[in-house]
Amino acid sequence: MSPNFSTIELMTQTNESLFERGQRVIPGGVNSPVRAFRSVGGTPYFVASGSGARVTDIEGTTFLDLVQSYGAIIAGHAHPKIIEAIQKAAVDGTSFGAPTPREVELAEAINERVPSCEKLRMVNSGTEATMSAIRVARGATGRPKILKFAGNYHGHSDGLLVSGGTAMASLGIPASAGVTDNAIADTVVAPYNVVPTLDETFAAVIVEPCAANMGLVPPAPGFLEGLRSECDRVGALLIFDEVITGFRVARGGAQQLLGVTPDLTAFGKIIGGGLPVGAFGGRAEIMDNLAPLGPVYQAGTLSGNPLATAAGLAALSLLDDDAYALIESRAECLAGAFVNAFGAAGISVCVPRFATLVGLFFGDTPPTDYVSACTTDEALYAAFFHELLDRGVAIAPGAYEVMFPGLAHNDEVLTAISDAARAAAIAVASH
Ligand SMILES: *Cc1c(COP(=O)(O)O)cnc(C)c1O
């Protein structure tokens, strides 16, 4: 690549200097806590560009990337079809505050793939999607309480910000400061993979159908089926948070793969093709409680944004059944590579996999809930993270995140990751 003017200009900066500047004007220097590298130590790399499976930082170092924007990217960075869709859309204007055709098309595209979403509404993040799904569930049932599972993350709205996994787990905070007791008074937290007993005060149960924010913790056999029937028994709604699993694990999401149908589903990440987006949907009679049809208010200046819907539609168009089969075989290969790498190094590790998702747990027994997930050896993860990064492979800078192989992680990329993982594991073992 011959450097153009802007790359030359970027090369004069270092990650260190930019992080220092960032910390002066942005709390912690980042706009989402995990990016600050607190749990692994060191200085974050500032990304200048990405292409396919690779990201290049402002110092010109290229990494094979398994972060993939924490799952927002599945076709690889800067996929030509998605970039073209965004560019075309941008020329026609970026936001109008009036309905645009692609909002209807994206809702139709989701509905066709996920039939339980008879009606949908677009929002701007996964946080908004789960927050609004809960509001409509409360509005539809007239009940106050919700149940969430420890270690499931549903974004950062007040009522859901308890036992949230990921960065909260890394920082060791059970609930956020700034969230009042009142705000979480109607939130009940239960252990994952155990069917709770509900009563008629519950509006909804919200669950990650495969937990992917406390490492990767797949649902135990019967867990989701049990939830479905317990919700039905008391008339509570079942909400699947498919912000990660939606369009990631199968064309119809985790609900298709696992054969359990929720009343409401929250989406995000993939459906924006890398632009800020979310959506929630469900049975028409529930969704019709939303304004302007019903009394549950929900709105958004930028919701259904022309660029985001263009990117989302382009991303979905790349994802047929063959694409998922391909990514799943790569996930299998990736998981095998990590198992072999740590085996060779004599480090005990579990590499859970759910369809196209891969986790990494430093311990002997695969975790089944938040308590067991938190026993992962965070120091070992941090050591491995840096050894791997030094060898040109980027995984998330947090022990409770998962890996996101996608359409760009071809055999050549996987072989390189496998080699790096083996060398990194051996280096960690000799620390
Ligand atoms: C990322 C995530 C969210 C929040 O989405 P944002 O777009 O970051 O607000 C919600 N639920 C799950 C399962 C997620 O992984």
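As a reminder, the structure under discussion sits directly above these lines.
Keep in mind it's a predicted model, so treat the numbers as computed, not measured. (Residues numbered from 1 in each chain as written. Predicted model: local features only at pLDDT ≥ 70, side-chain atom pairs only at ≥ 80, totals over all residues. Heavy atoms only, no water.)

## A look at the overall build of the chain
Part 1 of the argument: Along the backbone of the chain there are 14 helices and 13 strands.
Part 2 of the argument: A compact globule built from 431 residues should have a C-alpha radius of gyration of about 22 Å, and the chain, at 21 Å, falls within 12% of that.
Part 3 of the argument: Over its C-alpha atoms, taken along the principal directions, the chain stretches across nearly 55 × 55 × 45 Å.
Part 4 of the argument: Looking at the chain as a whole, 55% of its 431 residues qualify as buried.
Part 5 of the argument: Within the chain, residue pairs in contact and separated by at least 24 positions form 72% of the contacts whose partners lie at least 6 positions apart.
Part 6 of the argument: For the chain, the accessible area works out to roughly 17700 Å², and carbon and sulfur atoms hold 54% of it.
Part 7 of the argument: Here the chain holds 26 positive side-chain charges and 43 negative ones, and the gap between their average locations is 3 Å. (Helix = DSSP H or I, 4+ residues; strand = E, 2+ residues; numbered from the N terminus. Rg over C-alpha atoms; globule rule 2.2 N^0.38 Å. Buried < 20%, exposed > 50% of the residue type's maximum accessible area, 1.4 Å probe, protein only. Contact = heavy atoms within 4.5 Å. Areas by Shrake-Rupley, 256 points an atom, 1.4 Å probe, with all protein chains shown as cover. Lys, Arg positive; Asp, Glu negative; His and termini not counted. Charge placed at Lys NZ, Arg CZ, Asp CG, Glu CD.)

## Structural notes on the state of the cysteines
Part 1 of the argument: Enumeration over the complete set of coordinates arrives at zero disulfides.
Part 2 of the argument: Take Cys210: it sits in no disulfide, and the sulfur closest to it among the cysteines is that of Cys350, at 15 Å.
Part 3 of the argument: Cys374 forms no disulfide, and the closest cysteine sulfur to it belongs to Cys350, at a distance of 15 Å. (Disulfide = S-S within 2.5 Å.)

## Section: the pairing of strand 9 (residues 264-267)
Sheet faces and side chains relate simply in a regular strand, where the side chains alternate between the two faces.
Part 1 of the argument: Side chains Leu264 and Ala266 project from strand 9 onto one buried face, and the interleaved Thr265 and Phe267 project onto a second face that is buried too.
Part 2 of the argument: In terms of strand pairing, strand 8 (residues 237-241) meets strand 9 through three bridges, oriented parallel. Residue Asp241 lies in a different strand from strand 9, and its bridge partner there is Ala266.
Part 3 of the argument: Chirality of the crossover, the property in question, places the unit of strand 8, helix 8 (residues 253-258) and strand 9 among those that are right-handed.
Part 4 of the argument: Here strand 9 pairs with strand 10 (residues 278-282) via four bridges, running antiparallel. (Pairing = 2+ DSSP bridges. Right-handed = clockwise from strand over helix to strand, strands pointing away.)

## With respect to the site of the ligand
Part 1 of the argument: All residues adjacent to the ligand are Ser125, Gly126, Thr127, Tyr153, His154, Gly155, Glu208, Asn213, Asp241, Val243, Ile244 and Lys269.
Part 2 of the argument: Contact between the ligand and Asn213: an oxygen atom at 3.1 Å from a side-chain N or O atom of the residue.
Part 3 of the argument: Notes on the ligand: free accessible area 380 Å², of which the protein chains cover 84%.
Part 4 of the argument: In terms of residue class, the shell around the ligand is made up of three nonpolar, six polar and three charged. (Near = heavy atom within 4 Å. Polar contact = N/O pair within 3.5 Å; in protein donor to acceptor, adjacent residues only side chain to side chain. Nonpolar A, V, L, I, M, F, W, Y, C, P; charged D, E, K, R; others polar.)

## Let's talk about the nonpolar core
Part 1 of the argument: Residues Phe338, Phe342, Leu360, Tyr381, Phe384, Leu388 and Ile395 are the most contacted members of the largest nonpolar core, which totals 47 residues.
Part 2 of the argument: Where this core is concerned, the elements lending two or more residues are strand 3 (62-65), helix 11 (321-345), helix 13 (378-390), strand 13 (393-394) and helix 14 (411-429).
Part 3 of the argument: Per-element tally for this core: the top contributor is helix 14, with eight residues.
Part 4 of the argument: Discounting chain neighbours no more than four positions away, the residues touching Phe342 are Ile347, Val349, Leu360, Phe362, Phe384 and Ala425.
Part 5 of the argument: The next biggest cluster of nonpolar side chains, apart from the first, holds 23 residues, and it includes Leu198, Val217, Phe240 and Ala373. (Core = buried A, V, L, I, M, F, W, Y, C linked by side-chain atoms within 4.5 Å.)

## Some details on empty space enclosed by the protein
A probe matching the size of a water molecule, rolled over the atoms, marks out where space remains unfilled.
Part 1 of the argument: All told, the structure shown has two cavities of 30 Å³ or more when counted by the stated rule.
Part 2 of the argument: Estimates place the volume of the largest cavity at around 60 Å³.
Part 3 of the argument: Met214, Gly215, Leu216, Pro352, Leu360, Phe361, Pro367, Ala373, Thr376, Ala399 and Tyr400 are the residues that line the largest cavity.
Part 4 of the argument: Broken down by class, the residue content of the lining of the largest cavity amounts to nine nonpolar, two polar and no charged.
Part 5 of the argument: Counted as a void, the second largest cavity has a volume near 40 Å³.
Part 6 of the argument: Taken together, the residues that form the lining of the second largest cavity break down as six nonpolar, one polar and one charged. (1 Å grid on protein atoms, 1.4 Å probe; cavity = no way out; pocket = protein on both sides within 12 Å on 5 of 7 lines; lining within 4 Å. Points joined across faces, edges and corners; volume = space filled by probe spheres on them.)

## What about the packing of helix 4 (residues 101-113) against helix 10 (residues 306-317)?
Part 1 of the argument: Closest axis-to-axis distance for the helix 4/helix 10 pair is 9 Å, and the angle between their directions is 35°. The two elements helix 4 and helix 10 cross, and the hand of that crossing is left-handed. Residues Arg102, Glu103, Glu105, Leu106, Ala109, Ile110 and Arg113 of helix 4 pack against Pro306, Thr309, Ala310, Gly312, Leu313, Leu316 and Ser317 of helix 10.
Part 2 of the argument: Among the residues forming the contact of helix 4 with helix 10, the class breakdown is seven nonpolar, three polar and four charged. (Axes fitted to C-alpha atoms, helices over the stretch in contact; angles between N-to-C directions. Left-handed = near helix turned anticlockwise from the far one by under 90°.)

## Structural notes on the side chain of Thr265
Part 1 of the argument: Mapped onto the elements, Thr265 comes out in strand 9.
Part 2 of the argument: Polar side-chain contacts of Thr265 include one of 3.0 Å to the side chain of Gln255.
Part 3 of the argument: For Thr265, the contacting residues outside a window of four places in its chain are Ser116, Cys117, Phe240, Glu242, Gln255, Ala279, Phe280 and Gly281.

## Considering the layout of surface pockets
Part 1 of the argument: Volume-wise, the second largest pocket comes out at about 490 Å³.
Part 2 of the argument: What lines the second largest pocket is a set of 23 residues, and nearest its centre among them are Ala98, Pro99, Glu103, Ser303 and Gly304.
Part 3 of the argument: Of all elements in the fold, only helix 4 and strand 4 (119-123) reach the threshold of two or more residues within the lining of the second largest pocket.
Part 4 of the argument: Of the residues contributing to the lining of the second largest pocket, the split by class is 12 nonpolar, nine polar and two charged.

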